[in-house]
Amino acid sequence: MKVSPEILNMTPYKAGKPISETQREFGLKTVYKLASNENPLGPSPKALAAVRAALDRQHLYPDPSAYDLLSVLQRVWKIPRENLSLGNGSDEIIDLLCRIYCEPHDSVLTSQAAFQAYQVSADANRLRLRQTPLTPDWRFDLKAMADHFLSHPEQNIRLIFVANPNNPTGTYNTRAELEEFFARVGGRDDVLLVFDEAYNEFVRADDYASTMEYFGKVSNLVVLRTFSKTYGLAGFRVGGLVAPTSVIDLYNRVRKPFNVNDLAQVAAAAAVEDHEFIDKSRRIAWDGVDYFSKELTRLGLKFLPSQGNFVLFDTERDSLKVYEALLRKGIILRPVLNYQLPRHLRMSTGLPEENRAAVKALEEVLPTIPKLS
Ligand SMILES: *Cc1c(COP(=O)(O)O)cnc(C)c1O
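I will try to describe carefully the structure that is included in this document. Just so we're clear, the structure is a prediction, and the values are computed from it rather than from any experiment. (Residues numbered from 1 in each chain as written. Predicted model: local features only at pLDDT ≥ 70, side-chain atom pairs only at ≥ 80, totals over all residues. Heavy atoms only, no water.)

## Some remarks on the environment of Tyr214
The following threshold applies: Numbered from the N terminus, helices here are DSSP runs of H or I no shorter than four residues, and strands are runs of E no shorter than two. Accessibility here uses a 1.4 Å probe with only protein chains present; expressed as a share of the type maximum, an area under 20% marks a residue as buried, one over 50% as exposed, and anything in between as partly exposed. Note on definitions: a residue-residue contact is assigned when non-hydrogen atoms from the two residues lie within 4.5 Å. Identification of polar contacts relies on pairs of N or O atoms within 3.5 Å, with a donor-acceptor requirement for protein atoms, meaning one able to donate a hydrogen and the other able to accept it, and with residues adjacent in sequence counted only if both atoms are side-chain atoms.
When you line up the elements, Tyr214 lands in the loop between strand E6 (192-196) and strand E7 (221-226). For Tyr214, a relative accessible area of 9% gives the class buried. Along the sequence, Tyr214 and Leu178 sit 36 residues apart, while their C-alpha atoms lie 9.5 Å from each other. When near neighbours in sequence (up to four residues on either side) are disregarded, Tyr214 contacts Arg175, Glu179, Phe182, Ala209 and Leu221. For Tyr214, the side chain forms a polar contact with the side chain of Glu179, separated by 2.5 Å.

## Observations concerning the sheet that holds strand E9 (residues 310-314)
The test is simple: Only strands that DSSP links by at least two bridges are regarded as paired with each other. Note on definitions: angles span 0 to 180 degrees between N-to-C directions of axes, and those axes are lines fitted to C-alpha atoms, for helices only across the stretch in contact.
On the basis of which strands lie adjacent, the open sheet formed by three strands has the order E9-E12-E11 and antiparallel pairing. Whereas interior strands pair on both sides, the edge strands pair on one side only; in this sheet they are E9 and strand E11 (334-336). Between one strand axis and the next, the sheet turns through 30° on average, direction left out of account. As paired strands, E11 and strand E12 (residues 341-348) are joined by three bridges and run antiparallel to one another. Bridged to Val336 within E12 is Leu341. Its contacts with the sheet place helix H11 (residues 275-298) against E9 and E12, and it is angled at close to 15° to E9. Helix H12 (residues 319-328) rests against E11 and E12 of the sheet, and its axis sits at about 35° to E12.

## Describing the packing of H12 against helix H13 (residues 352-365)
The following threshold applies: For this classification, under 35 degrees means roughly parallel, over 145 means roughly antiparallel, 65 to 115 means roughly perpendicular, and everything else is oblique. The hand of a helix crossing depends on one turn: near helix anticlockwise from the far one by less than a right angle means left-handed, and clockwise means right-handed. Ten residue types, Ala, Val, Leu, Ile, Met, Phe, Trp, Tyr, Cys and Pro, are classed as nonpolar, four, Asp, Glu, Lys and Arg, as charged, and the remainder, Gly among them, as polar.
Two numbers describe how H12 lies on H13: the axes approach to 10 Å, and their chain directions differ by 120°. Between H12 and H13, the angle is such that the two are oblique. As H12 runs across H13, the sense of the crossing is right-handed. Along its contact with H12, which presents Val322, Ala325 and Leu326, the element H13 presents Ala361, Leu362 and Val365. Taken together, the residues that form the contact of H12 with H13 break down as six nonpolar, no polar and no charged.

Encoded structure:
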């Protein structure tokens, strides 16, 4: 069978290693997974209660319009319902935007070291992913991205993906950078500016702005949010799409009517207003990032200042060797070779005892692995 080269050449996505698999392979009882930026507190308790109460109606199809969840989001996000839709995780939204707006061999633009879903969706939709270099401090170079877009009309760039903050780097772009970017490529009708704000709730930098503030003012702006991180609902798969009505209209035609299941809708609706849990989630992430920053400094390892619930650090070694040695001690971190970073590991924030165990294990394994020059 003939298969297009973009699909044949795809590498399977490597998710964080599951806890159960690590326990089996290494005969370990206690394993901590700090590999997928999940919420160490578990799901929002309000979401869990709502899910339990909805279990006995699961013989019914979900509401394809997600009326109740969109009502909550409209109120909390202060965005009109006609500008909202949902995906089976923001992953699905990224993929469907590619499918809707690009013909095979068109391009999508992002940065080096951008969240991997953009590459996966570009490949699966037979698109070219164009990437501009990071700034010297490993941030998206929005100026270079606007330059690239404006100087390469022949590439048919239809979507520009900006993860703010980005994963796996944890770095972010400032309000001033966003405004300059919008001044140059905002308002166009030949490209969508897609801002992926999965870590928005964790940001502490005071020169950060969510692009939600610019929605309605920048006509080609699209914002993605997720329920997988702060709200602790990664397993339910819910992502939010904020977009102009023309985009929402097409998106709602292309998505599967039941892409977000009923339990996921119920969970998300309860979680967005579980303020106590949101505050707790942010605090645990901040404490974790501060602790890792302090300890990595003590260990003499370079890391990127993070606005997310994870820290990317340079092991100065073959990261896979460090990763393997940590697995044997029951600590799962995340290699980032798929981002062309063979020396770095990404460490998600966990509960305090998980964070301490991770640092202790790291301190033990580092001297056993030769440094690269
Ligand atoms: C985790 C993450 C998401 C969330 O993906 P879901 O499909 O909603 O779980 C989106 N964007 C970035 C940059 C992420 O790191």
